[in-house]
Amino acid sequence: HSTIVNILPATVTEIRDDGGAHADVLLDLNGQPLLARITRRSVRALGVAPGLAVFAQVKSVAVR
């Protein structure tokens, strides 16, 4: 269960890891790119990899 109402199906297209604590994950939302930042630990724990189908949960206050 989640209070987030913006849940969008997406596909991971690229993971950019700069060696820090976080990784930038580039998503494809049916032709529209979305950049997400998650921890490197989450990348490993969730098995995030290019080609993986995911759901992007977007809080409206987090959109710039």
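Residues numbered from 1 in each chain as written. Predicted model: local features only at pLDDT ≥ 70, side-chain atom pairs only at ≥ 80, totals over all residues. Heavy atoms only, no water.

(A) Spotlight on the overall build of the protein. A tally of helices and strands in the protein yields 1 helix and 4 strands. Along the protein, helices and strands appear, N-terminal first, in the series β-β-β-α-β. Relative to a compact globule of 64 residues, whose C-alpha radius of gyration would be 11 Å, the protein shows 12 Å and is just as compact. Projecting the C-alpha coordinates of the protein onto the three principal axes gives extents of approximately 30 × 25 × 20 Å. Taking all 64 residues of the protein together, the buried fraction comes to 20%. Residue pairs in contact within the protein that sit at least 24 positions apart in sequence constitute 40% of those at least 6 positions apart. Accessible surface for the protein amounts to roughly 5,000 Å². Of this, 54% is attributable to carbon and sulfur atoms. The positive charge centre, built from 7 side chains, and the negative charge centre, built from 5, are 9 Å apart in the protein. (Helix = DSSP H or I, 4+ residues; strand = E, 2+ residues; numbered from the N terminus. Rg over C-alpha atoms; globule rule 2.2 N^0.38 Å. Buried < 20%, exposed > 50% of the residue type's maximum accessible area, 1.4 Å probe, protein only. Contact = heavy atoms within 4.5 Å. Areas by Shrake-Rupley, 256 points an atom, 1.4 Å probe, with all protein chains shown as cover. Lys, Arg positive; Asp, Glu negative; His and termini not counted. Charge placed at Lys NZ, Arg CZ, Asp CG, Glu CD.)

(B) Broad picture of the sheet that holds strand E4 (residues 53–58). Overall, antiparallel pairing links the 4 strands, which are arranged E3-E2-E1-E4 in an open sheet. Edge positions in the sheet fall to strand E3 (32–39) and E4, since each of these pairs with one other strand and no more. Across the sheet, the axes of successive neighbouring strands diverge by a mean angle of 50°, strand direction being ignored. (Pairing = 2+ DSSP bridges. Axes fitted to C-alpha atoms, helices over the stretch in contact; angles between N-to-C directions.)

(C) View of the pairing of strand E2 (residues 22–29). Direction of pairing for strand E1 (residues 6–17) relative to E2: antiparallel, over a ladder of 6 bridges. For Glu 14, the partnering residue across the bridge sits in E2 and is Leu 26. Counted between consecutive antiparallel strands, the loop separating E1 from E2 contains 4 residues, among which Gly 19 sits at a positive phi close to 90°. Where E2 lies against E3, 8 bridges are found, and the strand directions are antiparallel. Pairing of Asp 24 across the sheet is with Arg 37, part of E3.

(D) Fine view of the pattern of salt bridges. Within the structure shown, the criterion is met by 3 salt bridges. In this structure, the salt-bridge partner of Arg 37 is Asp 24, at a minimum N-O distance of 2.9 Å. One end of the pair, Arg 37, is in strand E3; the other, Asp 24, is in strand E2, and 13 residues separate them in sequence. The exposure class of Asp 24 is buried, given its relative accessible area of 18%. (Salt bridge = Lys/Arg side-chain N within 4 Å of Asp/Glu carboxyl O.)

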